[in-house]
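# Descriptive structure summary
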Amino acid sequence: MNPPGDRLEAMLGWLRHAGCRITPQRLEILKVLAVSEGHPSAETIHQRVAAHFPTMSLATVYKTLAVLKTAGQVLELEFSDRDNRYDGNRPEPHPHCICQGCGAILDPDLTSLDALASLAARQTGFHIQSLRLDFYGLCPACQARRAAASGNKPA
Ligand code: ZN
Ligand code: MN
């Protein structure tokens, strides 16, 4: 995880560069994105910010995300069957563990990823520029819930 303060400064810089006015609402959106706890959806970001700024619109969240995406300052995880999710803490492409029970998304720290990318490049002749790697399964909390529901102790 990147220090959230560093990410906040970087995103602020890019928004200013793009000519966006830094309103208190926008700053709050950036704060949520700088931590990106659980990889929030636009809807979730809106809910968290609206707790402090009830008048803020969802459109403002989408506009801010669009600017940051263009600048490569937020990573968008697109899904066909659920809301897109965002990572402003680690904007560079990286693998994710995605829970099929509750939708939790975590960042595993994989050291062998560079080797895997080189292998893919060697085998195909591709010049690799980006990646999308998702591991699907059940998070610990969902495993425990499932075990409890079936009367067993969690593994
Ligand atoms: Zn889960
Ligand atoms: Mn991530």
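See the structure shown above.
Calculation notes
- Residues numbered from 1 in each chain as written.
- Chains lettered and ligands numbered in written order.
- Predicted model: local features only at pLDDT ≥ 70, side-chain atom pairs only at ≥ 80, totals over all residues.
- Heavy atoms only, no water.
- Phe/Tyr/Trp six-rings, centres within 6.5 Å; stacked < 30°, edge-to-face > 60°.
- Lys NZ or Arg CZ within 6 Å of the ring centre and 35° of its normal.
- Donors = N, O, S within 2.8 Å, 3.2 Å for Na, K, Ca; no water.
- Helix = DSSP H or I, 4+ residues; strand = E, 2+ residues; numbered from the N terminus.
- Core = buried A, V, L, I, M, F, W, Y, C linked by side-chain atoms within 4.5 Å.
- Buried < 20%, exposed > 50% of the residue type's maximum accessible area, 1.4 Å probe, protein only.
- Contact = heavy atoms within 4.5 Å.
- Salt bridge = Lys/Arg side-chain N within 4 Å of Asp/Glu carboxyl O.
- Pairing = 2+ DSSP bridges.
- Tetrahedral: all angles 85-135°; square planar, octahedral: opposite > 155°, others 65-115°.

### Overview of the packing of aromatic side chains
Taken as a whole, this structure holds 0 aromatic pairs when the rule is applied. The ring of Phe 79 has Arg 82 lying over it, and the distance from NZ or CZ to the ring centre is 5.3 Å. Over the ring of Phe 79 we find Arg 132, and its NZ or CZ is 5.4 Å from the ring centre.

### Considerations on the coordination of the manganese ion (ligand 2)
Every protein donor of the manganese ion (ligand 2) is accounted for by His 39 (NE2), Asp 87 (OD), His 94 (NE2), His 96 (NE2) and Asp 107 (OD), and the metal-donor separations fall at 2.1 to 2.2 Å. Positions of the donor residues of the manganese ion (ligand 2) along the chain correspond to the pattern H-x47-D-x6-H-x1-H-x10-D. Taken together, the positions of His 94 in the loop between strand 2 (85-87) and strand 3 (96-99) and Asp 107 in the loop between strand 4 (105-106) and helix 5 (113-124) put the pair 13 residues apart, joining distant regions of the chain.

### Digging into the nonpolar core
Formed by 19 residues in total, the largest nonpolar core has its most connected members in Ile 29, Leu 30, Leu 33, Ile 45, Val 61, Leu 65 and Leu 68. Elements with a minimum of two residues in this core: helix 1 (4-17), helix 2 (24-35), helix 3 (42-50) and helix 4 (58-70). Looking at which element gives the most residues to this core, the answer is helix 2, with 5 residues. Those residues within four positions of Ile 45 in sequence are excluded, and the remaining contacts are Ile 29, Val 32, Leu 33, Pro 40, Val 61 and Leu 65. Ranked by size, the runner-up nonpolar core spans 5 residues in total, among them Leu 75, Leu 77, Phe 79 and Ile 98.

### Remarks on the pattern of salt bridges
Throughout the structure, instances matching the rule amount to 5 salt bridges. We note a salt bridge from Lys 69 to Glu 76, for which the minimum N-O separation is 3.0 Å. In this structure Lys 69 comes out as partly exposed when scored by relative accessible area, which is 38%. Between Arg 90 and Glu 92 there is a salt bridge, with its nearest N and O atoms 3.6 Å apart. On the accessibility criterion, Arg 90 (16% relative accessible area) is buried. Within this structure, Arg 90, Glu 92 and Asp 107 form a network of salt bridges that share partners.

### Remarks on the sheet that holds strand 5 (residues 134-137)
Read across the open sheet, the 3 strands follow the order 4-3-5; overall the sheet is mixed. Edge strands, defined here as strands with exactly one partner in the open sheet, are strand 4 and strand 5.

### Some remarks on the coordination of the zinc ion (ligand 1)
For the zinc ion (ligand 1), every protein donor is listed as Cys 99 (SG), Cys 102 (SG), Cys 139 (SG) and Cys 142 (SG), and the spread of their distances is 2.2 to 2.3 Å. Classification of the site at the zinc ion (ligand 1) rests on its 4 donor atoms, whose angles at the metal span 103 to 115°, yielding the label tetrahedral. Along the chain, the residues that donate to the zinc ion (ligand 1) are spaced as C-x2-C-x36-C-x2-C. For Cys 99, a relative accessible area of 2% translates into the label buried.

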